[in-house]
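# Survey of secondary and tertiary structure
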Amino acid sequence: MAARSVRPVMAAILAGAVALTAAACAGPGGADGAGPKDSAVVGIAFEPDSLSPLLGYGKDGNSKIFDGLLAFGADMKLKPALAAALPEVSDDGLTYTYKLREGVTFSDGHPFTAADVVFTYRAILDPKTNNPSRTELDAVKDVRAAGDDTVVFTLAYPYAPFAERTVLGIAPEHVAGKQDVNTGPFTTRPIGTGPYVLTGWSKGEKLTFTANEHYWGGAPAVKKFTMAVVKDDDVRATRLRAGDLDAAILPPNLAAGFTGTTAGKPYKTYRAATFDYRQVTLPAHDKVAGDPAIRRALDLAVDRQAMVDRILEGAGKPAYGPVPTDSPWFAKGTERRHDLAGARKILDEAGWKPGPDGVRVKNGVRAAFPLWYLSGDKLRQDHALAYASDAKKAGIALTTQAGAWEVIEPRMKTDAVLAGGGSPGDPDFDQYLMLKSSLAGDGFNNMAQYADPVVDRALEDGRRTNDPAKRRAAYDTIQRRLVKNPGYTFLTHVDHLYVVSDRWETADGGLTTQIEPHDHGLGSGPWWNIEDWKPKGAAGTAKNAALVAPGAGGTGPARGTGTTLGTGTALAGAAKSSGVAAR
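Here goes a summary of the coordinates provided. As the structure is a prediction and not an experimental result, all values here were calculated from the model. (Residues numbered from 1 in each chain as written. Predicted model: local features only at pLDDT ≥ 70, side-chain atom pairs only at ≥ 80, totals over all residues. Heavy atoms only, no water.)

## Description of the sheet that holds strand β18 (residues 360-362)
A sheet is described by the order of its strands in space; here three strands give the open sequence β17-β18-β19, paired in antiparallel fashion. For this open sheet the edge positions go to β17 (353-354) and β19 (365-366), each flanked by a neighbour on one side alone. (Pairing = 2+ DSSP bridges. Helix = DSSP H or I, 4+ residues; strand = E, 2+ residues; numbered from the N terminus.)

Okay, structure coming up:
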């Protein structure tokens, strides 16, 4: 589930956009649209609360300002970043030793050493640090430096995905360590080792960056880029069509409006494989939404496939839990068919009887509650309206209401919310924060205040062993328990669709996407590796990602490579999907 200090980053995921432009005031490719340029603008729905990795920014990599010890490649396999190689792991799985890359400096010229790594992890683990994702490092018992070039982590228990946790950005001790980590200037004016340097932040408007010419991985060809705040899906599409933006993340119905050449400019549509789900949080302490019979009935009443077909236009798949159906972690047999008669039977047997207006009543309580969704987010709005319509057919009345997160947050403990989440990493990454009872009501963690002792035990079992069979059994138990005792109604896993001006390439050919989490926009999308982008030459065409013909299959792209739907591809056949945190 999404965490408080990175809340806007998660919202950026829901409605982020990319715009490649020569200058913020110019159209794509400059005023005349001629010739390759070296500037890019990235539009996001909400900027983050903080740019400090100590408070959760960039914890899953690709922050651009910072580097982790490791990083994810296009295939989502770990590769060295600030570490010189993958870690050495002891036979008992309790010790991870990282040798550090030589000659790395922070953007202020100060050398990077093991002391910075130790400082970063100890600061995050400090209870006084306002990092809502601290439990993700619960396994760390100690971290120490063995000289300037070696860091040793000692774990309290074997934690299979620990190396994946070390993609989080490293902060400079000589700067962040000399100020309040929660409120100091580093939170908005950070210094890192990454490929870009922050040059300005006009809150609510934009963040601007310039290339780090001394970056250890080589100076980026894109010398300047801007993250512009573009909150509304329709506005993003309008600005893209008008030429104000070169690219954007758009919902399927809006992405379908862009042909190969729109307004005289060539575009490509990329479909990213994801773990991004949409769900409805059902607050446990509400007399209606917290009733087990209501929850089980809603789980059967919802028509997931209709949502995929009509809202996502095929660009996604039904969600029966946090794990996508094509993941090796998915528990076969937990799929639920749309069964309105079964939903009504559950409610009848539980004493929820239809009232004069068709809304069910039990002990004087009407089966009715509000459902909030983020304003400006068409996918959430459409999911909320469809869910309410399905619920009404079962005799449950939902009042859908739109609002900004500032309006929704104070109501999350009492009202249902159309939320999102998901992580393509280990199942522990998403499920622990979403389902652990001890995290109930902790910001965007466990928003439904779900509590089930069987699930709690399985979460710990899955987290505290390296045995693959035992881990699979634990996560199977969790998914099967969510069928019997749902605290959330999972609706769909959502593909991410990006419409991009066709004027960039990489050394390996065309642009790509990684497998994306719910958190996309800042660090995901075709610009996940913008430091590797180069303007296309006047002659020749870069190699493209796999092209999908209009209406082709519903199988989705190969994970980790992304799919180019080509120029003017209809999106009705686009499929696949899923995502880290719920928001």
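## A word on helix α2 (residues 114-125)
Compared with the 16 Å implied by 1.5 Å per residue over twelve residues, the 17 Å span of α2 between its first and last C-alpha is a close match. Across the twelve residues of α2, nine count as buried, placing the element largely inside the fold. Turning to α2, its buried residues are A114, D116, V117, V118, F119, T120, Y121, A123 and I124. If you follow the buried residues of α2, they end up packed against β7 (140-145), β8 (150-155), α3 (162-165) and α4 (173-176). (Expected span 1.5 Å × (residues − 1). Buried < 20%, exposed > 50% of the residue type's maximum accessible area, 1.4 Å probe, protein only. Contact = heavy atoms within 4.5 Å.)

## Let's talk about the packing of helix α12 (residues 427-435) against helix α14 (residues 468-484)
In contact at an axis separation of 12 Å, α12 and α14 are set at 40° when each is read in the N-to-C sense. The orientation of α12 with respect to α14, classified from their angle, is oblique. Where α12 crosses over α14, the handedness of that crossing is left-handed. Listed contacts from α14 to P427, D428, Q431 and L435 of α12 are R471, Y475, I478 and L482. Residues that form the contact of α12 with α14 fall into these classes: five nonpolar, one polar and two charged. (Axes fitted to C-alpha atoms, helices over the stretch in contact; angles between N-to-C directions. Parallel < 35°, antiparallel > 145°, perpendicular 65-115°, else oblique. Left-handed = near helix turned anticlockwise from the far one by under 90°. Nonpolar A, V, L, I, M, F, W, Y, C, P; charged D, E, K, R; others polar.)

## Section: the pattern of salt bridges
Counting across every chain of the model gives 27 salt bridges. A salt bridge links D348 to R360, with the nearest nitrogen and oxygen atoms 2.6 Å apart. Linking D348 in helix α9 (residues 340-349) with R360 in strand β18, this pair joins segments that are twelve residues apart in sequence. One salt-bridge network, held together by shared partners, links K59, D60, E136, R165, D428 and R463. (Salt bridge = Lys/Arg side-chain N within 4 Å of Asp/Glu carboxyl O.)

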